[in-house]
Structures are given as structure tokens and as C-alpha cells.
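# Results of the structural survey
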Amino acid sequence: MEGGSAVMDSAVSRDEEAPLVATQLPNHAPRKHTRDVHILSCGFLLIFLAYGAAQNLESSVNTTGNLGTISLGILYVSFTIFSLGASLVVRALGSKNAVLLGTSGYWLFIAANLRPSWYTMIPASLYLGFAASIIWVGEGTYLTSTAWSHAKDSNLHEGTVIGSFNGEFWGFFASHQFVGNLISLTVLQDDGSGTTGGTNLLFTVFLCSMTLGTILLCFLRKRDDKEGTSSEDPSVSLYSYLKCQTNLVISPLFDIRMLLIIPLIAYSGLQQAFVWAEFTKEVVKPALGVRGVGGSMAVYGAFDAICSLAAGRLTSGLTSITWIVSGGAVLQGCVFLALLVRHSYSGVYTYVFPLLLASLLGIGDGVLNTQLNALIALLFKQNTEAAFAQLKVWQSGAIAAVFFLSPYITLQAMLVTMLAAVFVSFFAFLFLTVHLEKAFSHSALDV
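What counts and how
- Residues numbered from 1 in each chain as written.
- Predicted model: local features only at pLDDT ≥ 70, side-chain atom pairs only at ≥ 80, totals over all residues.
- Heavy atoms only, no water.
- UniProt positions renumbered as here; feature names shortened; annotations may be inferred.
- Helix = DSSP H or I, 4+ residues; strand = E, 2+ residues; numbered from the N terminus.
- Contact = heavy atoms within 4.5 Å.
- Buried < 20%, exposed > 50% of the residue type's maximum accessible area, 1.4 Å probe, protein only.
- Arc of directions from axis to C-beta.
- 1 Å grid on protein atoms, 1.4 Å probe; cavity = no way out; pocket = protein on both sides within 12 Å on 5 of 7 lines; lining within 4 Å.
- Points joined across faces, edges and corners; volume = space filled by probe spheres on them.
- Polar contact = N/O pair within 3.5 Å; in protein donor to acceptor, adjacent residues only side chain to side chain.
- Patch = residues over 30% accessible without salt bridge, like charges linked within 9 Å, V, L, I, M, F, W, Y side chains within 5 Å.
- Areas by Shrake-Rupley, 256 points an atom, 1.4 Å probe, with all protein chains shown as cover.
- Salt bridge = Lys/Arg side-chain N within 4 Å of Asp/Glu carboxyl O.
- Axes fitted to C-alpha atoms, helices over the stretch in contact; angles between N-to-C directions.
- Parallel < 35°, antiparallel > 145°, perpendicular 65-115°, else oblique.
- Left-handed = near helix turned anticlockwise from the far one by under 90°.
- Nonpolar A, V, L, I, M, F, W, Y, C, P; charged D, E, K, R; others polar.
- Core = buried A, V, L, I, M, F, W, Y, C linked by side-chain atoms within 4.5 Å.

In the annotation of an unreviewed UniProt entry, the entry for the protein reads UNC93-like protein 3, and the organism field reads Punica granatum. According to UniProt, the comment filed for the protein under the heading Sequence similarities (unreviewed entry) is "Belongs to the unc-93 family."

Listed below in C-alpha cells is the structure:
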């Protein structure tokens, strides 16, 4: 373990040039960076309220040959593969342009649902995997760059600004489950013959929402995402350039900090897919019926949004991140234990139990979304795009695994897997934070 500690100490020392607390900064008049955060948050809400609700309906609406489930599995495999090179695309396009290009994949996927078939859904899913990889790396890079600029211009604590901006973004984003599922409940109709009417109208409404979101994102201001990185020499050969960029992409995997965060990243994907693929099917549907799925996901989204906003406001640095993640991990662990040992319920408890668990799962998801993004933004300032690409590689890979394994694994086996995952990921995270605190303390003493 001494070798790992030495590597971590050196990793911390590399970041000493950009200290956690901003000091001796020029007193410039602060720019309106918060405007861009508001636009980014609202734009993603309009886009993902459509996609999130559509994703929840895929396995129920496109049932022929399991088209909906297979499409989602292919989507997240594609997402995983393209995320490996997403940082190169974002560096080339810039974070704003990457976000705008990424919206096209979501628009095409919703449009394919108007005429669902193997010839429309599979190509749309493959392309959405690429689009999702660049929109999320672009979002993380853009939001982090905005937070840095705001902290510098306003002479504020960097960790506080990153936490606040992530809290606002993920709070808005998490509310897409609430808003999108309410729209689904309003538009969809039960024909009484086992089929659902109004799907084309619903997807048309979703296309309109996505179009508005994309137009809104066009008003984002471009940012210098390459600040702090070396300038590119135009005389360098294409081979040397690609080799350099590839090293930037994989370099986080040689950083002990990233290796210790990866289990928590993978778990964040597992718990999301568990809610989408297992919780709604095995817990909510038997208790509340098909219509209850939308209501439970609305509760999940509401608590996810509230917790994201609260967790973002409470984030000020590594110590606060540690406590907040600890609380979320314990809550979700309790949910998995409750489901594993649950007994049959009757009366009002039949309806309350799934909704209570949905709220707790939403709180845990809100914690993971805000704190993982804040942690990566704080620790990987010199290679932000590659770090956020790793976040999406491991997260989407875990989601894809659950979608493909779901038909072949029991709920009990899935719950045991989730408990093991939250245990391993949480203790790897604690190991990281303890050693980082020691490294920061030694660095302060040396100064």
C-alpha cells in the first residue's frame, strides 16, 4: 500500500498548481456565468423529460421480439464503446458544439419510436450511443469550465462553486423523471384490451420538447475548454497528435484516484439500471399495476431532484462529499436489504411500500450524480474531458450489463449483487478520501 500512497501523493502534488481554494486572484467584475448554468439545466430538462419517459416505456410499448429492451441494451453498449473516444471528439468540437451535436441522437431515437421496427430502432440506438457519449462528456466539461471561471471571476471557493453548479444542474435534470412521467400519464390511454393508445401523440409531444431544448442550448456561450493545457503545434504529425490525444484519454486509468473512483461510478450505473429494469417490473408493477409505474417514477424523480439541489448546496470540498456519499450509500443499502427480507404486505402498506422505496432510491441517485461529478471536477482539473469520458464508460457499461442480464437473473440474485456492489464501491471511495485527506495534510505541513 506504500506504493499506492506514493502515487496518490504525487497525484496530489501535480494539482498543487491549481489549489482547491482560490487565492490572490485579480478582482475582476464577475461575468454572468450563472446564466449559462440556467440555460444548460433547462435545456437538458426539456430534452431528457422526453427521453427518460420514453426509455421507461420501451419494454412496455415495443414488445414485439423484445424490440424495446434489445434496443436499450444495444444503445448502452454503443454508449460504452463510443465513450472511449468521446473526449477526443469534445476536444475537437468544443464542449458547446459537442452538446448541440449530441442532442440530434436523442431526437432521432424519439422519432424512430413513431415507426418502431428493427430497421428504425436499432440504427437510432447505435447513433444515440455515440450522441450520448459526446453530450455527457461535453456537459461535464462545459459545467466544470463554467464553475472554474465563476470562481475565478468572483474570487470564490472553487469546491463550493462546483458543488453549487452541479447541484442546480442535476436538480433540474433529475426532475425530468417527474415531469416526463406526468406527461405520459396524461397523454397515454388504456384501451381496455391490453394495448395502450396515444403513443404517437406522446412521442410527437416529446419531439417538440426536444426541439425547444435544443434551441435553448444554442444560446450557450462558447468557452475555452483547453485552459491550462498545452497548445497544439501545427507542425506535429497526425500520428503524433493522435498518439498524444490517445494518451490523454487513457491516462486517468493510470491514476490511483480514478481506479478507486471506478467502483463507485460502476455502482451508480448499476443502481440506475436496477430502478429501470428490475424495481419497476418486480416491485412496483405487482403492487400498483402498470399505471402505478409512472407514479412511482414520478416520486423517484421528485426526490432525486430535491436531493440533487440540496446535496449541491451542501458541497464545499472533499470532506462534505465524503459525508454526503456515505449517507446516500447507507440509504440505498437499506433499500436492498428491505427488498431482500421483505414479507407480504396488505392494505395501505401495499401502496406505500413501493413509493417509499422509490423515494429512497431517488435520494441515493441524486447524491451519486452530484457528488461524482463534483469529485471528478475537483480531482482531474488538467484532463477534464478524459475523466468525464471514463465516468460514462463505466457507468454506461454497468447499465448495459443489467439490461442484458435482467431476463436471466432473479430479483434475489440482483439484490445480492447490488449489496455487494454498494459495499465494495463505498469502501474503495472511503479509502480514496482518507488518503487524499492525508496527502493534503502533508502538503499543507510541507508548506
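## Regarding the environment of Ile 47
The topology assignment puts Ile 47 in helix α2 (residues 33–61). With sequence-adjacent residues up to four places away left out, Ile 47 is seen in contact with Thr 103, Tyr 106, Met 210, Gly 213, Thr 214 and Leu 217.

## Here we look at helix α4 (residues 86–93)
All of the buried residues in α4 are Ala 86, Ser 87, Val 90 and Arg 91. What you see down the axis of α4 is that its buried residues fit within an arc of 135°, all on one side. Phi turns positive, to about 90°, at Gly 94, one or two residues after α4.

## Observations concerning empty space enclosed by the protein
Under the counting rule described, the total for this entry stands at 5 cavities of 30 Å³ or more. The wall of the largest cavity is formed by 26 residues, among which Tyr 76, Trp 136, Phe 173, Gln 272 and Trp 276 lie closest to the centre. Elements that contribute at least two residues to the lining of the largest cavity include exactly α2, α3 (67–83), α6 (118–154), α7 (158–187), α10 (256–288), α11 (290–314), α13 (349–379) and α14 (384–405). The greatest single-element share of the lining of the largest cavity, amounting to 5 residues, is contributed by α7.

## Section: the side chain of Asn 373
Relative to the elements of secondary structure, Asn 373 occurs in helix α13. With relative accessibility at 5%, the residue Asn 373 sits in the buried group. A polar contact of 2.7 Å, which involves the side chain of Asn 373, links it to the backbone oxygen of Asn 369. Once you skip the residues sitting within four places of it in the chain, Asn 373 turns out to touch Asn 166, Trp 170, Phe 388 and Leu 391.

## With respect to a nonpolar patch on the surface
A contiguous nonpolar surface patch, about 470 Å² in accessible area, is contributed by Ile 250, Leu 253, Phe 254, Leu 259 and Trp 394. Position of Trp 394 relative to the elements: it lies in helix α14. Taking relative accessible area as the criterion, Trp 394 reaches 36% and is therefore assigned partly exposed.

## Some remarks on the UniProt feature "transmembrane region" (unreviewed entry) in the protein
The feature "transmembrane region" (unreviewed entry), as annotated in UniProt, sits at residues 37–54, 66–90, 126–148, 201–220, 258–277, 321–341, 353–379 and 415–434 in this numbering. Counting secondary structure, residues 258–277 comes out at 100% helix and 0% strand; the distance between its end C-alpha atoms is 28 Å. Between the end C-alpha atoms of residues 415–434 the distance is 29 Å, and the span holds 100% helix and 0% strand.

## A short note on the packing of α4 against α14
With their axes 8 Å apart at the nearest point, α4 and α14 run at an angle of 140° to one another. As summarised for this structure, α4 and α14 are arranged oblique, according to the angle between their axes. For the element pair α4 and α14, the recorded crossing hand is right-handed. Side by side, α4 and α14 meet where Ser 87, Val 90 and Arg 91 of the first sit next to Glu 385, Ala 386 and Ala 389 of the second. In terms of residue class, the contact of α4 with α14 is built from 3 nonpolar, 1 polar and 2 charged.

## Here we look at the packing of α10 against α13
At a minimum axis distance of 10 Å, the contact between α10 and α13 shows a crossing angle of 160°. Our classification of the angle between α10 and α13 gives roughly antiparallel. Crossing of α10 over α13 shows left-handed handedness. Here the residues of the contact of α10 with α13 sort into 21 nonpolar, 5 polar and 2 charged.

## A look at the nonpolar core
Grouped together as the largest cluster of nonpolar side chains are 114 residues, with contacts concentrated most on Phe 44, Tyr 51, Tyr 76, Tyr 106, Phe 109, Trp 136 and Phe 274. Per-element tally for this core: the top contributor is α10, with 17 residues. In this structure, Ala 86, Ala 98, Ile 134 and Ala 389 belong to the second largest nonpolar core, which totals 6 residues.

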